[in-house]
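Structural description and commentary
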Amino acid sequence: MVGFQVLPKDLASFGQLFVQKGKWEGKQLINEKWFTETGTPSTLEPSCGLLWWIDYEQKFSIIDDEQIGKLQKAGLPDSVINVVRSLKGKHESSVYSKLLQKNEENYASMGYCNYQNSKDNGLTISRKENMNKFYKTLGYLGNCMAVYPDKNLVVVRMISEESFLKGKGTKDGSGYNNFSDFFELTTKLIQ
């Protein structure tokens, strides 16, 4: 988790070992099962495997008749159901978030609190669909790696503390040089 000192090329090699599920130059160095387990979402935190973050190139939120039926069955008011029905379709998650924000005031005035309580029972307005799983590491100062097994691609970003501070970063990881959009940029790069 901390104190791992490695050159970018070596970190990329480790990522490639992950892509190849433990094989290197045709020889199985690490049991393939370990990589499968490492990349399996935890039941406690689905966005995490064994010290790897799990993300997706594309995330969709889907509101369809099945979802609307579940909300009706849960007893949400027709006024809320009608707003949800107006959002029916398959939406890229960032677009969906904006649609929800636009309608939050409507929900609040129409009994949205009842929906919030039903969320504790696992009920959601939309169902999720994710495509093209990728794995990532997040390290000190923004040192990170993205591994795209389906694309046979590893992308590494590394920075020294000295360079980070010269770039007006701060030791807490904030500032100009933290490159917070690294994963978004790598995903755009491969699309």
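Residues numbered from 1 in each chain as written. Predicted model: local features only at pLDDT ≥ 70, side-chain atom pairs only at ≥ 80, totals over all residues. Heavy atoms only, no water.

Comments concerning the confidence of the model for the protein
Confidence in the prediction for the protein averages 76 pLDDT; 73% of positions are at 70 or higher. Within the protein, strand E2 (residues 27-28) carries the highest mean pLDDT (96), whereas helix H6 (residues 112-119) carries the lowest (48). Below a pLDDT of 50 lies the segment residues 109-114, which in the model reaches eight contacts outside its immediate sequence neighbourhood of four places, other chains included. Per-residue pLDDT stays below 50 along residues 116-120; that stretch engages in two contacts with residues further than four places along the chain or on separate chains. (pLDDT = per-residue confidence, 0-100. Helix = DSSP H or I, 4+ residues; strand = E, 2+ residues; numbered from the N terminus. Contact = heavy atoms within 4.5 Å.)

Some points on the nonpolar core
Counting residues in each nonpolar core, the largest one holds 11 residues, listed as Leu11, Leu17, Phe18, Val19, Phe35, Trp52, Ile54, Tyr135, Met145, Val147 and Val154. Where this core is concerned, the elements lending two or more residues are helix H1 (8-19) and strand E6 (144-148). With four residues, the top contributor of residues to this core is H1. (Core = buried A, V, L, I, M, F, W, Y, C linked by side-chain atoms within 4.5 Å. Buried < 20%, exposed > 50% of the residue type's maximum accessible area, 1.4 Å probe, protein only.)

Some thoughts on unusual backbone geometry
A positive phi is found at lysine 21, a non-glycine position, where the angle reads about 50°. One can find lysine 21 in the loop between H1 and strand E1 (23-24).

What about a nonpolar patch on the surface?
Together, Phe14, Leu29, Ile30, Trp34 and Leu50 give the surface a local cluster of nonpolar side chains, amounting to about 430 Å² of exposed area. Counting through the fold element by element, leucine 50 comes out in the loop between helix H2 (32-38) and strand E3 (53-63). (Patch = residues over 30% accessible without salt bridge, like charges linked within 9 Å, V, L, I, M, F, W, Y side chains within 5 Å. Areas by Shrake-Rupley, 256 points an atom, 1.4 Å probe, with all protein chains shown as cover. Salt bridge = Lys/Arg side-chain N within 4 Å of Asp/Glu carboxyl O.)

Some details on the packing of aromatic side chains
Scanning the entire structure with this criterion turns up six aromatic pairs. Aromatic side chains phenylalanine 18 and phenylalanine 35 sit 5.6 Å apart centroid to centroid with 80° between the ring planes, which places their arrangement in the edge-to-face category. You can see phenylalanine 18 sitting in helix H1 and its partner phenylalanine 35 sitting in helix H2, a full 17 residues away along the chain. Judged on exposure class, the residue phenylalanine 18 and its partner phenylalanine 35 are both buried. On the numbers, 4.6 Å between centres and 20° between planes, the contact of phenylalanine 134 with tyrosine 148 is stacked. Here phenylalanine 134, found in strand E5 (residues 127-138), pairs with tyrosine 148, found in strand E6; they are 14 residues apart in sequence, far enough to count as distant. (Phe/Tyr/Trp six-rings, centres within 6.5 Å; stacked < 30°, edge-to-face > 60°.)

Overview of the pattern of salt bridges
With the rule as written, the count across this model stands at three salt bridges. Put simply, lysine 136 and aspartate 55 hold a salt bridge, and the shortest N to O gap is 2.9 Å. Of the two residues, lysine 136 is situated in strand E5 and aspartate 55 in strand E3; the sequence distance between them amounts to 81 residues. Classification of lysine 136 as buried rests on a relative accessible area of 13%.

Looking at the environment of isoleucine 125
In this structure, isoleucine 125 sits in the loop between H6 and E5. Using a relative accessible area of 4% as the deciding quantity, one classes isoleucine 125 as buried. Along the chain, isoleucine 125 and aspartate 64 lie 61 residues apart, while their C-alpha atoms are 9.6 Å from each other.

A short note on the pairing of E6
In terms of burial, E6 is largely enclosed, as five of its five residues are buried. Because side chains alternate across E6, one face comprises the buried residues Cys144, Ala146 and Tyr148, and the other comprises Met145 and Val147, equally buried. In this structure, E6 lies alongside strand E7 (residues 153-157), joined through five bridges in antiparallel fashion. When the bridges of E7 are listed, cysteine 144 appears paired with arginine 157. In this antiparallel pair of consecutive strands, E6 and E7, the connection spans four residues, and asparagine 152 shows a positive phi of 55°. (Pairing = 2+ DSSP bridges.)

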